[in-house]
Amino acid sequence: MLTVVLCGLRARWAAFLGSFVALALGVGLLTTMGLGLASTFDAPEREPRRFASAPVVVKGKDVVTVDVRRGPETASVSQKLDRPQPVDIELLGELKARWTVTTAGGPDAVGVHGPAAEVRTLVGDRGQVLTGNERRLADPEPERDAEALVALNSLLGTAGGVTTFVSVFVVASTFAFAVALRRREFGLLRTAGATPGQVRRMLLAEAAGVGVVASAAGCALGAWGAPWLARVLVDGGLAPDWFAIGSTAWPLHAAFWTGVTVALAGAAAASRRAGKVGPTAALREADVDTDVLPLGRALLGTGLLLTGAGLLVWTGVTDPSSLLKRKTYTTLPMLLITGVALLAPLLVRPVARALRLPGATGMLVRENSAAAVRRTAAVAAPVLVTVALAGSLLGSATTVTSTKAAEAREQTAARYVVTGEELRTVPGASATATTSVFVRDGDAALVKYGARAVSDPAAFADLARLPVKAGDVRDLDDRSIVVNEEWERRTVGESVDVWLADGSGPVRLRVVAVLALGTGDNGPYVTRANAPGAAVDRIEASDVGPEALAAAGGTVRTVEEWAAATHPATSPQTRLGLLLVLGIALVYTVIALANTLLMATSVRGAELAALRLAGATRAQVIRVVTGEAALAVTIGAILGLAVTAFNLGALGAGLAALSAPVSPAVPWTAVGAAAGVCAAVAVTASALPAWRGTR
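For every chain, the first residue of its written sequence is number 1, and the numbers climb from 1 along that sequence. Note on the predicted model: pLDDT of at least 70 is required for a residue's local features to be given, and 80 or more for side-chain atom pairs to be given and counted; whole-chain, interface and lining totals, by contrast, use all residues. For side-chain calculations, the full set of non-hydrogen atoms in the structure is used, while hydrogens and water are omitted.

Draft legend 1. Here's a closer look at the overall build of the chain. Helix and strand counts for the chain stand at 20 helices and 16 strands. Working definition: with a 1.4 Å probe on protein chains only, accessible area under 20% of the residue-type maximum means buried, over 50% means exposed, and in between means partly exposed. Here the chain, with 695 residues, has 48% of them falling under the buried criterion. Across the chain, every contact between residues at least 6 apart in sequence was considered, and the portion connecting residues at least 24 apart equals 80%. Throughout, the Shrake-Rupley method with a 1.4 Å probe supplies accessible areas, and for residues the shown protein chains are the sole cover considered. Taken as a whole, the chain presents about 30,900 Å² of accessible surface, with 59% of it coming from carbon and sulfur. Working definition: helices are DSSP H or I runs of at least four residues, strands are E runs of at least two. Numbering for both runs from the N terminus. Between two residues, a contact is recorded if the distance between any of their heavy atoms is within 4.5 Å.

What follows is the structure, encoded as structure tokens:
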């Protein structure tokens, strides 16, 4: 058996080259993403700077703590305040009376030159006592390093998931198509006395050999490419300047064994089909495919298709706001895409027959594509995956941000908007400030909401065009609040306990209006009296000209300009991250197309010779072969666009359920570029062996 496997690998190295490259690249990308992901788990511990000379730092409160119910007992939960509170004046006087106290850059913290134990006893629960390396928490933005890694961690995790998803699909498809091309070989082996089990073991042994070598090469490739990825992420603004790849070893082990497992899993399904090939397959001459969709693949594809569609619909009905989250619109469509890709052999024939191509060449291209379903599906499926990913990911991101911009424009009747820090109020204009409020969610959680603080409720009500579901925003005063449908207590006239932005409270406020949830920026609203420390950062006006508004001290824009500036179509960082993910899928698709078409066309020598004997010229034969490749790419693009339409339709329905304006956006440029690259590779990979085979 081992001799047969080694001879097969040596004789069919070209057929295994595509699988080797795809698997090595996949393991390399997994290694790179894994090393990058491992480097995001811990931010570097920086030395204290602001109070480096003080042994003890006393800091004002920067969290709000509330007792909640946890089963039969109570527990304290905390939420971060927008800004640390100043050190208590009385406490500061007591500290100065006993020790030397230094201040640096603000009243939120002071350095104390005294014994830590005695300082902690004096402070009690009136502030925070920091010693050792914890003193860095008093530096400006002490958590910026850890926060900078959150988005990067999500991006690399998503990219790693897409890499695994696409690599499994491509490798499995490649092995399955290679097995379909070797039916006569397996028939000869069966005729020579090989059992079905021996045929299956031979294929698994081939896959294991390819998997081990490709995984080892991929690990080396990934370790080399990880520092390059770090530089790209830093240069693109996706990672902080200090980000670098660490020396963690577990990503190498995980990537290697994942590669071997993917190779064996991809070959396992194909080997079961190979074991069913009978001795009579050696006599087969017809190229019309039958039984192209095994029962197991049909059940799996149908299950994934129904699950993906069902989850999208269910999420849109029960929790439509989650459809706006990047993690949701990145992961849920993958189930749908995989299901349709698995069912591609069932779909390509009716789509091919529905496309009308002119002339005798067009008729031959259409009929050949419909007859050779396995070949057509093997080309169409990776194109489907790439087009659907490009359309769904970029389309969802652009749709969400476009909807937020449209929602912002619709929610004000102002002509001009002024933005800036600590703006001065302007008579006749509505001034608001950014703040936050905290409220219990049931008995077991404390939730923080970003809110707007209104300076003049009457001026605000005149310009606001909020999606009010109940009540009236004109009733807002210092003893009331405007909430949205996400709040547990959202009945007009009901009172709710709220903790304010400085941690004070609870303050009991009456609900005067309830807003639709929208894209997440609809309320709550309070007055400036319930927003301690909040400075005006937005002024809206309709009857005041830009010259008068300039006195506020900020940037004056029209509403359209403000909406475009504050809600860009897609941030450069987000777009770069999505393009990184889509680039992985496109590379895999190119490898799969080239490998599939080189294998498929190289074994069509007898068919191409028959066309020449029938009177076809060499150019006509090449046009037929390349036309079939182009048609398969077109079918894949059509199916990918259908999946994209369903995903964006589900997102649009979710936005409509949130009472948000729906602004669907299909990224035609990205979809067209992906389909164009696929078409160019497919035509080239089919033309070269056809040209050689018709010499």
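Draft legend 2. Representation of the packing of aromatic side chains in the model. Aromatic pairs are defined between Phe, Tyr and Trp rings, using the six-membered ring for Trp, whenever the two ring centres lie within 6.5 Å; interplanar angles under 30 degrees are classed as stacked, those over 60 as edge-to-face, and all others as tilted. Taken as a whole, this structure holds 3 aromatic pairs when the rule is applied. Aromatic pair Tyr449 and Trp487: ring centres 4.8 Å apart, planes at 20°, arrangement stacked. With a gap of 38 residues between them, Tyr449 in strand β9 (residues 445-454) and Trp487 in the loop between β11 (480-484) and β12 (495-498) connect regions that are remote in the sequence.

Draft legend 3. View of helix α16 (residues 559-566). Of the positions making up α16, those classed as buried are Val559, Trp562 and Ala563. The arc that holds the buried residues of α16, viewed along the axis, is 95°, so those residues lie on one side. Contact partners of the buried residues in α16: α13 (373-410), β7 (416-419), β15 (536-541) and β16 (555-558). By arc we mean the arc of the directions from the helix axis to the C-beta atoms, nothing more.

Draft legend 4. Here's a closer look at a nonpolar patch on the surface. Among the surface-exposed residues, Val313, Val317 and Phe646 lie close enough to one another that they form a single nonpolar patch of about 280 Å² accessible area. We classify Phe646 as partly exposed; its relative accessible area is 36%. A patch consists of residues exposed above 30% relative accessible area that lack any salt bridge, with like charges linked at up to 9 Å and nonpolar side chains (Val, Leu, Ile, Met, Phe, Trp, Tyr) linked at up to 5 Å. Each salt bridge in this description consists of a side-chain nitrogen of Lys or Arg and a carboxyl oxygen of Asp or Glu lying within 4 Å of one another.

Draft legend 5. A look at helix α11 (residues 344-354). Those residues of α11 that fall on the buried side of the exposure criterion are Ala344, Pro345, Val348, Val351 and Ala352. Along the axis of α11, the buried residues cluster in a sector spanning 125°; they form a single face. What points out from α11, more than 90 degrees from its buried face, is the exposed set Leu346 and Ala354. Looking at the buried residues of α11, the elements they touch are α9 (295-318), α10 (326-342), α12 (359-371), α13 and α19 (618-657).

Draft legend 6. Expanded view of the packing of helix α3 (residues 89-98) against helix α4 (residues 116-123). At a minimum axis separation of 11 Å, α3 and α4 run at an interaxial angle of 150°. Taken together, the axes of α3 and α4 lie roughly antiparallel to each other. Between α3 and α4 lies a crossing whose hand is right-handed. Across the interface between the two elements, Leu91, Glu94, Leu95 and Arg98 of α3 pack against Glu118, Val119, Leu122 and Val123 of α4. Partitioning the contact of α3 with α4 into residue classes produces 5 nonpolar, no polar and 3 charged. The axes used here are C-alpha line fits, helices contributing only the stretch in contact, and every angle between their N-to-C directions lies in the interval 0 to 180 degrees. These descriptions rest on fixed angle ranges, namely under 35 degrees for roughly parallel, over 145 for roughly antiparallel, 65 to 115 for roughly perpendicular, and the rest for oblique. Crossings are assigned a handedness: left-handed for a near helix turned anticlockwise from the far helix by less than a right angle, right-handed for a clockwise turn. Each residue is assigned to one of three groups, with Ala, Val, Leu, Ile, Met, Phe, Trp, Tyr, Cys and Pro labelled nonpolar, Asp, Glu, Lys and Arg labelled charged, and all others, Gly among them, labelled polar.

Draft legend 7. Seen up close, unusual backbone geometry. Even without being a glycine, Glu422 presents a positive backbone phi close to 50°. Examined against the element boundaries, Glu422 turns out to sit in the loop between β7 and β8 (430-441). Glu422 sits in the exposed class, given a relative accessible area of 63%. Although it is not a glycine, Ser659 adopts a positive phi angle of roughly 60°. The class for Ser659 is partly exposed, based on a relative accessible area of 31%.

Draft legend 8. Seen up close, the confidence of the model for the chain. In this model, the chain carries an average pLDDT of 82, and 89% of its residues clear a pLDDT of 70 or more. Looking over the chain, one finds the lowest element-wise mean pLDDT in helix α1 (residues 2-11), namely 58, and the highest in strand β14 (residues 525-527), namely 94. A residue's pLDDT is the confidence the predictor assigns to it, expressed on a 0 to 100 scale.

Draft legend 9. Up close: the pairing of strand β5 (residues 109-113). Most of β5 is tucked away, with 4 of its 5 residues classed as buried. Two strands pair when backbone bridges link them, and strand β1 (residues 56-59) and β5 are joined in this way by 4 bridges, in the antiparallel orientation. Note that in β5 the partner of Val58 across the bridge is Val110. Here 4 bridges tie strand β4 (residues 100-103) to β5, and the two strands are oriented antiparallel to one another. Each residue of the ladder has a partner; that of Thr100, found in β5, is His113. Only when DSSP finds a minimum of two bridges between them are two strands counted as paired. Where β4 hands over to β5, the hairpin turn is made up of 5 residues, of which Gly105 adopts a positive phi near 75°.

Draft legend 10. Region of interest: the sheet that holds β4. Taking strand neighbours across the sheet as the criterion, the 4 strands line up as β4-β5-β1-β6 in an open arrangement whose pairing is antiparallel. Since the sheet does not close on itself, it has two edges, and those belong to β4 and β6 (128-131), each with one partner. Ignoring which end each strand starts from, the neighbouring axes of this sheet average 30° apart. Helix-sheet contacts for α4 involve β1, β5 and β6, and the interaxial angle to β6 is about 170°.

Draft legend 11. Molecular detail of the pattern of salt bridges. Evaluation of the coordinates by the stated rule reveals 13 salt bridges. For Asp472, the salt bridge goes to Arg474, with nearest N and O atoms at 2.7 Å. The class of Arg474 is exposed, set by a relative accessible area of 60%. One salt-bridge network, held together by shared partners, links Lys59, Asp62 and Lys80.

Draft legend 12. Inspection of the nonpolar core at higher detail. Counting residues in each nonpolar core, the largest one holds 92 residues, and the members touching the most others are Val166, Leu233, Phe243, Ile337, Val385, Leu389 and Ile635. No other element matches α13, which puts 16 residues into this core. Those residues in contact with Phe243, other than ones at most four positions away along the chain, are Gly36, Ser39, Thr40, Leu149, Leu152, Ala230, Leu233 and Val234. Buried Ala, Val, Leu, Ile, Met, Phe, Trp, Tyr and Cys residues form a nonpolar core when they are joined through side-chain atoms within 4.5 Å. Val439, Ala453, Val498 and Val511 belong to the second-largest nonpolar core, a separate cluster that totals 17 residues.

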